[in-house]
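# Chain and residue survey
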Amino acid sequence: MRQALTLALNHTTTRRGFGMPLSRIKRIREKVPGSSLNDIFITVASGAVRKYLTHKGELPEQSLMSLMPISLRTDASAGGNDVSGVQVKIRTDIADPIERLKAVHQETRASKAQAEKMGLDMLKNLFEVMPGALVDTLMRTLILPSINLATSNVRGPDKPVYLAGAKAMCMYPVSIPADGAGLNFTGVSYNGVMWVSMVSCRKMLPDPGLMLACMNEAWTELLQAADSLPATAVPVTKKPASRASPRKTRS
């Protein structure tokens, strides 16, 4: 397996990180009804990859494919990890950020629906009973060759956390790239901001500074495009006019 390295950006950039305020994500969702936080996160990641590959002259015509984890926990308050994953087209073939967001929304819905038909935990259950060597062979020959990267986001603390009296200003999520899918975008929400980081094989992503610039540009582009959309008219359901009860008449 190629050595997975956390991308080392310059000191200032690493300190700042890359954050998307949840208030602005909410604003995009209001302008594009039906879109989820996960859809917006994937759209920004795909926009960044599209811009990066365009700069390098290596953007393919077909959309890249991402592995998107899905939680199998029925109790959201339960601890630990219990996840599966589905393949999702992140629509790097679409330049317009709003159209890409709408397309990503359709792709995530379709992938989840297909996984639910087959059973969300089917792959996980198979891997638990299969020999390790066979699991490794299936991963390398069937699953990993069909994806290009991974995109994952999780919910973090809604309020500030402290360590020895010092307030944590941000959170840097770190995930694990895999051989064949050596680029991983991970987001974690903390105190009103979705913090996004990337982990990659340095040979696959030799210019992390450019990728960070592309991430910021993709986020700004999506936000500006959403702001330019007209306000979505929310249908107001009027209450039926109350009718006066008929007066009783004396016989």
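Up top is the structure these notes are about.
Analysis parameters
- Residues numbered from 1 in each chain as written.
- Predicted model: local features only at pLDDT ≥ 70, side-chain atom pairs only at ≥ 80, totals over all residues.
- Heavy atoms only, no water.
- Helix = DSSP H or I, 4+ residues; strand = E, 2+ residues; numbered from the N terminus.
- Expected span 1.5 Å × (residues − 1).
- Buried < 20%, exposed > 50% of the residue type's maximum accessible area, 1.4 Å probe, protein only.
- Axes fitted to C-alpha atoms, helices over the stretch in contact; angles between N-to-C directions.
- Parallel < 35°, antiparallel > 145°, perpendicular 65-115°, else oblique.
- Left-handed = near helix turned anticlockwise from the far one by under 90°.
- Contact = heavy atoms within 4.5 Å.
- Nonpolar A, V, L, I, M, F, W, Y, C, P; charged D, E, K, R; others polar.

Attention now moves to helix H3 (residues 37-56). For H3, spanning 20 residues, the distance from its first C-alpha to its last is 29 Å, which sits close to the expected 28 Å at 1.5 Å a residue. Burial runs high along H3: 16 of the 20 residues are buried. Following H3 by one or two positions, Gly57 has its phi on the positive side, about 70°.

What follows concerns the packing of H3 against helix H7 (residues 208-227). The description of two helices packed together rests on the angle between their axes and the distance between the axes. Between H3 and H7, the least distance of the axes is 8 Å, while the angle of their chain directions is 130°. It follows that H3 is oblique to H7 by the angle criterion. In terms of crossing hand, the pair formed by H3 and H7 is right-handed. Where H3 abuts H7, its residues Ile40, Thr43, Val44, Gly47, Ala48, Val49, Lys51, Tyr52, His55 and Lys56 lie against Leu210, Met211, Cys214, Met215, Glu217, Ala218, Trp219, Glu221 and Leu222. Residue composition of the contact of H3 with H7, by class: 12 nonpolar, 3 polar and 4 charged.

Time to look at the packing of helix H2 (residues 22-31) against H7. In contact at an axis separation of 9 Å, H2 and H7 are set at 45° when each is read in the N-to-C sense. With respect to each other, H2 and H7 are oriented oblique. For the pair H2 and H7, the crossing hand works out as left-handed. For the pair formed by H2 and H7, the contact residues are Arg24, Ile25, Arg27, Ile28 and Lys31 on the first element and Trp219, Leu222, Leu223, Ala226 and Asp227 on the second. Of the residues that constitute the contact of H2 with H7, the class distribution is 6 nonpolar, no polar and 4 charged.

Time to look at the side chain of Asn38. In this fold, Asn38 is placed in helix H3. Taking the relative accessible area as the measure of exposure, Asn38 reaches 16% and is therefore buried. With residues near it in sequence (within four places) discarded, Asn38 still touches Met68, Thr108 and Asn153.

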